Amino acid sequence: MKRVSLLVKISIGFVLGIIFGFAIGPTVPNSEILSVYVIPFIDLVGKIFLRLLMMLIVPLVFSSLVAGAASVGDIHKLGRIGIKTLVLYLLTTAVAIIIGLACGNLFNPGVGMNIPGDIQATSKAAKPLVDVILDIFPTNPIASMVNANMLQIIVFALFFGVACILAGERGRKIADFFESIAEVMYKVTHIVMNVAPYGVFALITVTAAKFGIAILAPFVKVIAAVFIGCIIHALIVYSGMITVICRRSPKWFFKGIDEAAITAFVTRSSSGTLPVTLANVRDEFGISEGVSSFVLPLGATINMDGTALYQGVCALFVAQAFNVPMTLSMQIGIVVTATLASIGTAGVPGAGLIMLTMVLTSVGLPIEGIALVAGIDVILDSARTCLNVIGDTAVCAVVAATEGETLKS
Ligand code: ASP
């Protein structure tokens, strides 16, 4: 009952935010009271909510991952969970891009725009692969925590958790200690979620007020292609996985992770949503800490199905807008580079747009296309982040089910 009422409150905040935001949006003549007092105050509420979520991430992820790795108790099992997770993450991401390309081909969002462009786009130097790999390994785990570097935190926590198993009785005590910290951090998460309705209202109001309805019109097809692509991916791929492998209904699944999905939509950050995602799969699906605290933080860092799908749609949009013929081999190139780009995308707002430059340049499309997408990126970011987070939870449920866990019904 309590949970339902929180979700209802969050949804009310969401709807009111859209209505209020559009009502005070850019089309309303400048009002001093609105611009000097009302909007900055609402903006402040939204920013505080974001900070409260960010505040939870490092202590929650580290403690629950150490406790989780130690509770698995068996190093081979940990390795098996890791491999399963990575394979599922990669496969679902590749399918997402294909759906994105299909939606792009269906909606043809850029056809007729005829923008003259410089096709000889200069290729921006992406970080060399060796550096990307090297960067996974921390030199100083405390610095990794200070900088909230997720992959480094995950690596150190796994070493630490496994060592707790190997250290016997003394290690057990340390693992119990982190288990208690994780438990307390979950409670902090629940406290923070009580302000979610206000935070959601504030975030969505500010976005809607900034954009107004008018700015969206020329981009309706791109927005539709990304949103519909995300819905198709969630309804077919995730629902299919949940039905076939977890033997649960899609309704059960989507109802269980609704808070995380809404939080992702408004915060536009997978990392920021992570505490809510962890709480949802734990409370609603009964997934163990051993699985959830490994699969979800990793997913918030590397698994971005929504981002990949968006990159597929946008690459096609840019090609059409600049009249660049899109060959099959270019589309295959997009599947490969967008998969890699989405892995490298940080779980923070707007990161996907930066990585889109990599996708465009790697298949020879004009980077100026970024400017076209940038104007509406916030709206696309909401949809893709929402899918990113739902994808993490779907894989988490599948891994838990295949590890023999009984999911709550
Ligand atoms: N905002 C997305 C996320 O946090 C990343 C992106 O910009 O695509 O999941």
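Residues numbered from 1 in each chain as written. Predicted model: local features only at pLDDT ≥ 70, side-chain atom pairs only at ≥ 80, totals over all residues. Heavy atoms only, no water.

## Let's talk about the pattern of salt bridges
Here is step 1 of the chain: Counted by the stated rule, this structure contains eight salt bridges.
Here is step 2 of the chain: Put simply, Lys47 and Asp43 hold a salt bridge, and the shortest N to O gap is 3.1 Å. Here Asp43 and Lys47 lie together in helix H2 (residues 32-72), a separation of four residues that amounts to about one turn.
Here is step 3 of the chain: On the accessibility criterion, Lys47 (49% relative accessible area) is partly exposed.
Here is step 4 of the chain: In this structure, Asp381 engages Arg384 in a salt bridge whose closest nitrogen and oxygen atoms are separated by 3.3 Å. Note that Asp381 and Arg384 are positioned in helix H18 (residues 377-402) at a spacing of three residues, about one turn of the helix.
Here is step 5 of the chain: Several salt bridges converge on common partners, so that one network encompasses Arg268, Asp377, Asp381 and Arg384. (Salt bridge = Lys/Arg side-chain N within 4 Å of Asp/Glu carboxyl O. Helix = DSSP H or I, 4+ residues; strand = E, 2+ residues; numbered from the N terminus. Buried < 20%, exposed > 50% of the residue type's maximum accessible area, 1.4 Å probe, protein only.)

## Re the packing of aromatic side chains
Ring pairs (aromatic) are described by centroid distance and by the angle formed between their planes.
Here is step 1 of the chain: For the structure on display, the rule yields 13 aromatic pairs.
Here is step 2 of the chain: Their ring planes at 85° and their centres at 5.5 Å tell us that Phe62 and Phe178 sit as a pair that is edge-to-face. Of the two residues, Phe62 sits in helix H2 while Phe178 sits in helix H7 (residues 168-193), which places them 116 residues apart along the sequence.
Here is step 3 of the chain: With relative accessibility at 9%, the residue Phe62 sits in the buried group.
Here is step 4 of the chain: A centroid spacing of 6.0 Å and a plane angle of 25° characterise the contact between Phe253 and Phe285, whose relative ring orientation is stacked. Residue Phe253 is found in helix H10 (residues 250-256), and its partner Phe285 is found in helix H12 (residues 270-285); the two are separated by 32 residues along the sequence.
Here is step 5 of the chain: Aromatic rings pair up to connect Phe62, Phe156, Phe160, Phe177 and Phe178 into one cluster.
Here is step 6 of the chain: It is Arg248 that lies over the ring of Trp252; its NZ or CZ is 5.7 Å from the centre. (Phe/Tyr/Trp six-rings, centres within 6.5 Å; stacked < 30°, edge-to-face > 60°. Lys NZ or Arg CZ within 6 Å of the ring centre and 35° of its normal.)

## What to know about the site of the ligand
Here is step 1 of the chain: The environment of the ligand is formed by 17 residues, the closest being Ser270, Thr307, Gly352, Asp381 and Arg384.
Here is step 2 of the chain: Between the ligand and Asn388 there is a distance of 2.8 Å, counted from an oxygen atom to a side-chain nitrogen or oxygen.
Here is step 3 of the chain: At the level of secondary structure, the elements contributing two or more residues to the shell around the ligand comprise helix H16 (351-362) and H18.
Here is step 4 of the chain: Per-element accounting of the shell around the ligand gives the leading share, four residues, to H18.
Here is step 5 of the chain: When grouped by side-chain class, the residues that make up the shell around the ligand number five nonpolar, nine polar and three charged. (Near = heavy atom within 4 Å. Polar contact = N/O pair within 3.5 Å; in protein donor to acceptor, adjacent residues only side chain to side chain. Nonpolar A, V, L, I, M, F, W, Y, C, P; charged D, E, K, R; others polar.)

## Examining unusual backbone geometry
Here is step 1 of the chain: In this structure, Arg247 takes a positive phi of about 55° despite not being glycine.
Here is step 2 of the chain: The residue Arg247 is located in the loop between helix H9 (220-246) and H10 in this model.
Here is step 3 of the chain: Phi angles above zero are rare outside glycine, and Asn323 is one such case at about 55°.
Here is step 4 of the chain: Topologically, Asn323 is positioned in the loop between helix H14 (305-321) and helix H15 (328-344).

## What about a nonpolar patch on the surface?
Here is step 1 of the chain: A grouping of Leu90, Leu328, Ile332, Val336, Leu340 and Ile343 is seen on the molecular surface, where their side chains present a nonpolar patch of about 560 Å² in accessible area.
Here is step 2 of the chain: The element best represented in the nonpolar patch is H15, accounting for five residues.
Here is step 3 of the chain: Looking at the secondary structure, you find Leu328 in helix H15. (Patch = residues over 30% accessible without salt bridge, like charges linked within 9 Å, V, L, I, M, F, W, Y side chains within 5 Å. Areas by Shrake-Rupley, 256 points an atom, 1.4 Å probe, with all protein chains shown as cover.)

Structural measurements only, silent on function.
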